[in-house]
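Read off the chains here:
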Amino acid sequence: MTPGGSLLGLARRPGDGLRSVLANCSARGLALLGVTVGTIVVARLGGPAEVGIYALLRMLPGLVGVLSVAGLPGALAYFLAPPRRGVPRLAPTLAAIAVIGSLLGTAVWLAATPVIAPVFFPHYPVWLVALAGLTVATQLLLTLGKTALQGIADQRGGDAIIAAEEIGFLPFYLAALWFGAGGTLAVVIGLGLADIGVGLAAWHRVSRRLGRSPVRLLRAVLGRPDRQVAREVVGYGMRGQIGGVITLLNLRLDFAILDALVGPAALGAYAVASKYAELLRLPGTALTWVTYPRLAARSSEAAGRHARRLARPTLLVVVVAAVPAVLLAGPVIHLLYGGRFASATLPAQVLIAGMLLSGAAGVASGYLYASGRPGLNSVATGAGLVVTTVLDIALIPSHHALGAAVASTAAYLLTDGLLLALLLRLTRPTAEPVSTRVGQTPTVGSTP
């Protein structure tokens, strides 16, 4: 691989790396637009409380699902990359983990419904909270299809699914309202049907890219699982899952605490603030998505060199973009959501400060996953989780949404700073060369 050529230095033709990142940013921008439009419609029809419920139902079932499959979404891209894709009985092993985990996650949600309903959904019937548990499996169907596309290097298909998974909610939600479903029931139906439709489209794309019909792909995954392969997948997935779950908690734990301590109306305003500020996280998220599978197939030395070189420009891009984002927060929120959401402006501006390192941190995270070090990613995100938990509990009771924003900003800056420090330390030019390749199949316990 030659060091020059593209922004990422990873593409076959000059400019491909930059185009890949821009394409993924565009897809995530469309997804965020879909979430924004959906939130606006829910806000106009149901108010801040309904927006808060919508935010919780997009977060909690997904968290249960990822936990129940032992981090399989994060492991798929690693094990479906070319160096490992041909491992015997890999497909039925991955399928077995997915199916068993989906059933387990749904069962856990149903069993926990009497506990979580009074805490997070106190004004809604228990049967409706139980029905929302079905989205544990539907979200996994979609998420695994999306990450499978990432693993087989189908970026165009993966980008389309990233956009469609958020855009798909609104038409199903409106259809449910048209047929007489109540507000929150319509939200549950819209989320579930969007997951199923987009998830099936993702798996159809996977079968086409692999040159198999959906029937042949189904036959391939119905084989006998391999215990050793399962241990390696679960081992990698669990190390990565810790970081993935902690990242999700860093992003959304404040949602749950704010809802439990203050109520869904405050959560609705804060959800609007978070979505606005997270525009600045798009470049970092896109870089993690694009660099992870590409770096996983390269030597450790080359991967580290290119990741290090990419960190500085991505840091500058986000810092520059933050200035107009802060200045436009009030007018944009008022224009889109109306006067009832004016309290979201200051929390949004505070959260923007927490996004300043996210671009460079996205590169660092992609490098750690690609080099078989997901545990280090978990260490950094774990430190942020401690900060956000302590500050959420201390600040939310008296400062509500603003307290949650301050807590999250502190956690984001700490986590992203640690990730960037790890990247710089592991890729120092004076460090000893690593003899193994980044793409080597891991064994349980071989990496942090």
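Rules used in this analysis
Residues numbered from 1 in each chain as written. Predicted model: local features only at pLDDT ≥ 70, side-chain atom pairs only at ≥ 80, totals over all residues. Heavy atoms only, no water. pLDDT = per-residue confidence, 0-100. Helix = DSSP H or I, 4+ residues; strand = E, 2+ residues; numbered from the N terminus. Contact = heavy atoms within 4.5 Å. 1 Å grid on protein atoms, 1.4 Å probe; cavity = no way out; pocket = protein on both sides within 12 Å on 5 of 7 lines; lining within 4 Å. Points joined across faces, edges and corners; volume = space filled by probe spheres on them. Nonpolar A, V, L, I, M, F, W, Y, C, P; charged D, E, K, R; others polar. Axes fitted to C-alpha atoms, helices over the stretch in contact; angles between N-to-C directions. Parallel < 35°, antiparallel > 145°, perpendicular 65-115°, else oblique. Left-handed = near helix turned anticlockwise from the far one by under 90°.

Draft legend 1. Representation of the confidence of the model for the protein within the structure. Looking at the protein, the pLDDT average stands at 80 and 84% of residues meet or exceed 70. Confidence, expressed as mean pLDDT per element, reaches its minimum in the protein at helix H4 (residues 82-85) with 67 and its maximum at helix H16 (residues 345-353) with 93. For the stretch residues 1-15, pLDDT sits under 50, and the model shows 40 contacts to residues farther than four places along the chain or on other chains. Contacts of residues 431-448 to residues separated by more than four positions or lying in other chains number 43 contacts, the stretch itself having pLDDT below 50.

Draft legend 2. Empty space enclosed by the protein, seen in detail. Using the criterion set out here, one finds two cavities of 30 Å³ or more in the structure. Approximately 40 Å³ is the volume attributed to the second largest cavity. Residue lining of the second largest cavity: Ile53, Leu57, Phe121, Tyr124, Leu128, Val129, Ala132, Thr184 and Val188, and that is the complete set. Only helix H2 (48-68), helix H6 (126-132) and helix H10 (183-209) provide two or more residues apiece to the lining of the second largest cavity. At three residues, H6 tops the list of elements feeding residues into the lining of the second largest cavity. Of the residues belonging to the lining of the second largest cavity, the class tally is eight nonpolar, one polar and no charged.

Draft legend 3. Layout of the packing of H2 against H10. Axis separation between H2 and H10 bottoms out at 10 Å; the angle between their running directions is 30 degrees. Regarding the angle of H2 to H10, the classification is roughly parallel. H2 and H10 meet at a crossing whose hand is right-handed. Of H10, the residues touching H2 (which contributes Glu50, Ile53, Tyr54, Leu57 and Arg58) are Gly183, Thr184, Val187, Val188 and Leu191. The class makeup of the residues in the contact of H2 with H10 is six nonpolar, two polar and two charged.

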